[in-house]
Structure formats: C-alpha cells, structure tokens
Amino acid sequence: MTQQKKIAVILKGYPRLSETFIAQELLGLERAGFELTLISMRHPTDRKRHPVHDEIRAPVHYLPEYLYQEPLRVVRGLVRSSRLPGFRAAWRAFLKDLRRDLTPNRIRRFGQAAVLCAEWPEGADWLHAHFIHTPASVARYASLMNGTPWTCSAHAKDIWTSPDWELEGKLSDTRWTVTCNQTGFDRLRGLANGKNHVHLSYHGLDLDRFGPFAGAHSLRDGSDPEDPVTILSVGRAVDKKGYDILLQALALLPAGVCWRFVHIGGGPNLEALKALADRLALAGRITWHGALDQHDCLEAYRRSDLFALACRITADGDRDGLPNVLVEASSQKLACVSTDISGIPELLKDGENGFVVPPEDPKALAGAIERLIRDPALRTRLGEAAERRVRAEFDHHVGIRQLTALFENEWQVA
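The structure presented is a predicted model; accordingly, all values stated were derived computationally and were not measured.

Cut-offs applied
- For every chain, the first residue of the written sequence is number 1, and numbering continues from 1 along that sequence.
- The model is predicted, so local features are restricted to residues of pLDDT at least 70 and side-chain atom pairs to those at 80 or more, both for listing and for counting; the totals for chains, interfaces and linings are taken over all residues.
- Remark: hydrogens and water are excluded; side-chain values derive from all non-hydrogen atoms of the structure.
- Think of a 1 Å grid over the protein atoms and nothing else: a 1.4 Å probe that fits but is trapped marks a cavity, an open set flanked by protein within 12 Å on at least five of seven lines marks a pocket, and residues with an atom within 4 Å of a point count as lining.
- Grid points are joined across faces, edges and corners, and a volume is the space filled by probe spheres set on the points.
- Helix numbers and strand numbers start at the N terminus; a helix is a DSSP run of H or I with at least 4 residues, a strand a run of E with at least 2.
- Side-chain classes follow a simple rule in which Ala, Val, Leu, Ile, Met, Phe, Trp, Tyr, Cys and Pro form the nonpolar group, Asp, Glu, Lys and Arg form the charged group, and the remainder, Gly included, forms the polar group.
- Here, strands pair whenever DSSP counts at least two bridges between them.
- Where helices are involved, their axes are fitted lines through C-alpha atoms of the stretch in contact, as for all axes, and angles between N-to-C directions lie from 0 to 180°.
- Each Phe, Tyr or Trp ring, with Trp reduced to its six-membered ring, pairs with another whose centre is within 6.5 Å; inter-plane angles below 30 degrees give stacked pairs, above 60 give edge-to-face pairs, and intermediate values give tilted ones.
- Sitting over a ring, as applied to charges here, requires NZ of Lys or CZ of Arg to be within 6 Å of the ring centre and within 35 degrees of the ring normal.
- Here the word oblique covers every angle except those under 35 degrees (roughly parallel), over 145 (roughly antiparallel) and from 65 to 115 (roughly perpendicular).
- The sense of a crossing depends on the near helix, which, turned anticlockwise from the far helix by less than a right angle, makes the crossing left-handed and, turned clockwise, makes it right-handed.
- Any two residues whose heavy atoms approach within 4.5 Å at even a single point are treated as in contact.
- Partly exposed describes any residue whose relative accessible area lies between the buried limit of under 20% and the exposed limit of over 50%, with all areas from a 1.4 Å probe on protein chains only and scaled to the type maximum.
- Look down the strands so they point away from you; if the path from the first strand over the helix to the second goes clockwise, the crossover is right-handed.
- The salt bridge criterion pairs a side-chain nitrogen of Lys or Arg with a carboxyl oxygen of Asp or Glu, the two atoms within 4 Å.

Q: What should I look at first to understand the layout of surface pockets in this one?
A: The gaps left among the atoms become clear once a water-sized probe is rolled over them. Approximately 300 Å³ is the volume attributed to the second largest pocket. For the second largest pocket, the lining is made up of 16 residues, of which Asp101, Asn105, His133, Thr134 and Glu166 are closest to its centre. Contributing elements (two or more residues each) for the lining of the second largest pocket: helix 5 (104-118) and helix 6 (134-146). Top contributing element to the lining of the second largest pocket by residue count: helix 5, with four residues. Of the residues contributing to the lining of the second largest pocket, the split by class is one nonpolar, seven polar and eight charged.

Q: In this structure, what is going on with the sheet that holds strand 4 (residues 124-130)? I would like to understand it.
A: Strand pairs in the sheet, formed through backbone hydrogen bonds, run parallel or antiparallel to each other. The strand order across the open sheet formed by seven strands is 3-2-1-4-5-6-7, and the pairing between neighbours is parallel. Taken across any chain shown, the strands that pair with only one partner, and hence form the sheet edges, are strand 3 (60-62) and strand 7 (198-200). Neighbour-to-neighbour, the strand axes of the sheet open up by a mean angle of 25 degrees, direction not taken into account. Here strand 1 (residues 6-11) pairs with strand 4 via five bridges, running parallel. When the sheet's bridge partners are listed, Val9 is paired in strand 4 with His128.

Q: Please clarify how the packing of aromatic side chains should be interpreted in this entry.
A: Aromatic ring pairs: the centre-centre distance and the angle between the two ring planes describe each pair. Taken as a whole and judged by the stated rule, the model has 14 aromatic pairs. Pairwise contacts between aromatic rings join Phe87, Trp91, Phe94, Phe110 and Tyr141 into one cluster. For Arg319, the ring lying beneath its charged end belongs to Trp160, and the centroid distance is 3.8 Å.

Q: I tried to follow the packing of helix 6 against helix 8 (residues 164-173) on my own but got confused; where do I start?
A: Geometry of a packed helix pair, given as the angle between the helix axes and the separation of the axes. Axis separation between helix 6 and helix 8 bottoms out at 11 Å; the angle between their running directions is 50 degrees. Judged by the inter-axis angle, helix 6 sits oblique to helix 8. Once helix 6 is placed against helix 8, the crossing between them reads as left-handed. Residue-level inspection shows Ala136, Ser137 and Arg140 of helix 6 in contact with helix 8, the latter providing Glu166, Gly169, Lys170 and Asp173. Tallied by class, residues from the contact of helix 6 with helix 8 come to one nonpolar, two polar and four charged.

Q: How do you make sense of the packing of helix 13 (residues 324-331) against helix 16 (residues 376-393) when you look at a structure like this?
A: Where helix 13 meets helix 16, the axes come as close as 7 Å, and the angle between the chain directions of the two elements is 115 degrees. In terms of orientation, helix 13 and helix 16 fall into the roughly perpendicular class. Here helix 13 runs over helix 16; the crossing is left-handed. Judged by residue contacts, Val327, Ser330 and Ser331 of helix 13 engage Gly383, Ala386, Glu387, Val390 and Arg391 from helix 16. Among the residues making up the contact of helix 13 with helix 16, the classes are represented as three nonpolar, three polar and two charged.

Q: Explain the pairing of strand 5 (residues 150-154) here, please?
A: The two faces of a sheet get side chains in turn, since along a regular strand they alternate between them. The buried fraction of strand 5 amounts to five of the five residues, a majority that puts the element mostly inside the structure. Residues Trp150, Cys152 and Ala154 point to one face of strand 5 and Thr151 and Ser153 to the other, with burial holding for every one of them. Pairing analysis gives four bridges linking strand 4 to strand 5, with the strands arranged parallel. The residue of strand 5 that forms the bridge with His130 is Ser153. With helix 6 bridging strand 4 and the parallel strand 5, this β-α-β connection has right-handed handedness. Both strand 5 and strand 6 (residues 177-179) contribute to a ladder of three bridges, which runs parallel. Among the inter-strand pairings, Ser153 is bridged to a residue of strand 6, identified as Val178.

Q: Can you walk me through the pattern of salt bridges in this structure?
A: Any two side chains of opposite charge can pair, given that their charged atoms come close. Applying the stated rule across the entire model yields 25 salt bridges. As a salt-bridge pair, Glu55 and Arg31 come within 3.1 Å of each other at their nearest N and O atoms. Taken together, the positions of Glu55 in helix 2 (residues 51-55) and Arg31 in helix 1 (residues 20-31) put the pair 24 residues apart, joining distant regions of the chain. According to the relative accessible area criterion, Glu55 is partly exposed, its value standing at 31%. Asp206 is paired through a salt bridge with Arg209; the nearest N and O atoms lie 3.2 Å apart. A single network of salt bridges, built from pairs that share partners, joins Asp97, Asp101, Arg106, Arg140, Glu166, Lys170 and Asp173.

The structure is reproduced here in structure tokens:
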C-alpha cells in the first residue's frame, strides 16, 4: 500500500449476525493494511456474535440512535459542527432533502452526522458507508460538513427502496460506489448521470472458514418415516425471504414424502410463521432454532440434505441481492433451490448447480423440493457443481482486492 489511511466506516448497526458479509469485508480490509474505525448508528440487538466479529480490531463508536435519547450530546454536536466550513452546504442539502422526505428519520440522519463530525475519530481521513440509504445519508451530510471524501457499498434493500432522486444525489457526491449483484449495479449505473464510478464487486465467501466438506450428504429419498430428508433454510424471518411461500410449498408435498424442515434465524415474522405452520399442520415437522453463529450454521449445512430459500420482491420494492447463505450452503455441496430474482441466478443456474423457480409460486417450489427429496443422486450432482462454482468464482479475497485497489487509486490521486 502506497500510503496508509484511516477509514471511518458507517454502519446501520454493529455487530449483526445477519450481516456476516460486512464483517468479513471489514476483517479483509484490516488484513490488507487499512486502519478502520466503525461508526454504528444503532446498538446491537443480537445476543450472539460470529467468530469473525472477535477478530476485527477496529474500535466501535456508537452514534445516538434516537436524537431525543441524548439531547445534550446532539446539541453539543450541532454547535461544534456549525463552526465547520461546510456546515452551511450540508444544511442546504438537508433542507432540500427534507422537503422531499419530511420524516423524523431524515432529521435523525442530519443530527447523527453533526455528532459524528463533532466527535470525529482521530486521524480518520475517509468515510465509507455500508448501505446507500440511511448510512449513506449520514456519510453525505458529514462529508459536506467537514470535507472528508466518502464512498459507499450498496447492497439490496437500500438500492430498491430508495427513491431515484436520493440515489442520484448520493451517487453524484460519492467518489465511487460498489454493489454486489448485477441487477443492483444496472440500477445504480443508470442513475449515475454518466459517471463511470459504480462498480460490481461480489462479496464472495471466506473459503477458509467454509472449507470443503470432507463427508457426504445422505442418500435419504423421503421414503423412510424414521429417517426423513432434512430441508434447511437460514435467514431472517422478514417478508422478502418468502418463508410463508416456503411453508405453503412444504404443505403441498405429497403425504408419502418424509421430510423435516429446519430454520435458523431470528426476525420479526417468526411468531407469525410458527402460527402459519400450525394452521398448515406442519408444526410437528419443523425445528425453529432462532439465530445461530457461523460455526453452528456450518454444521447445519453439513448435516442437511437440501437448502431452500423463497426470496421475493415485497410491495415496497425490498428484495435480497445475492443472499450469502446460498453461497455458504453451496460451498458445502448442499443442493439449493431458490427464486429467480436479483443476483440469485448469478450463482444458481437452473438444473446445472441448483434449482431456480419463480417467486410467489408455492407449487413450483414444491415441485423442485420434491424432485430433490426423491433423487439423492441429483442432489449430489447439483451440490458438487455448486461447490465448484463457489470455489472458482466466489472467493471473497477477489472482492477485497477490488476494494483495496479502489481505495488506493483514490489516495494516489489525492
């Protein structure tokens, strides 16, 4: 590295079990020689941590989650930040945004930016936001206040639930933006007003943590009630994951097919999903584990027979990008079935290394799951092909090298 710089990384919350890909990237940047300070807009709510979180050395600085909770800190931040040369420009940008988005959330982001500038991490000379919605709003206002250049990693929900005017404004101000799937890249590139500074960079997987599975998945075929096929899914119980569709698909499986379903993940919809499972008479065949750490997830991938995730696009446009759990499951030779939205077809090719079905279609999903249940040889073929693809094309070191080059190119120019 030609010159070491200190990056302040703005995160919506830290640490989060559902954002392993971000923690993996932070550790990769540290190992590449970057000094980081993490700026979290929220305190953690998960009771567990992944091992990778304990390996990250960067200190964490928590902003006021809600401005009314720490009024003196916010007032002090506004007073101190008002002396910065760019405060008026940030204020004008904020007022322009507020006219279009008259919400407490918008006011909160400006207040958080002021506190960040007033409590600026010593030596930090770059801002990087993970997610182009609220973290990028804080980054943009702070950058305008104190002149620190900023960049952004955009992912999924943040791209598709943000209005065009907001994305255009942020893209015009970032030095560069990366995103992790082709559909998100196409949307952002189209809003960049001719600037060629949006880049596609897959998160990939830390293949050292997800080493090759030396064993073999079972040859169960769903014919033995004492030894049913295990269907696994890992993901938060939120609308875009489509767990209601998956449960409906399981209810459509023929009565003579023996299976059990294992879910790993927390989320606000969990109790509603359990109630749905009761109504569908599935409860006795389902295990709900709640949130687990990365090690426990790895063991679950290796114990299971197939993986299912019924991703969808919600009414407000929210959707996944390329769910990391599909990459993880594929790395362990686990045959996967999912839907053809966002970046999922960039990993899974239907019939080649997994099954891909339309979203919102329990019947099609049930058909794919039944095929995998009944045909262990097919599961083996698809799982092995999926693992080869992941190990050849989804190594996270590639993404870290891309980010390192982007940061270094900017600093050479500076």
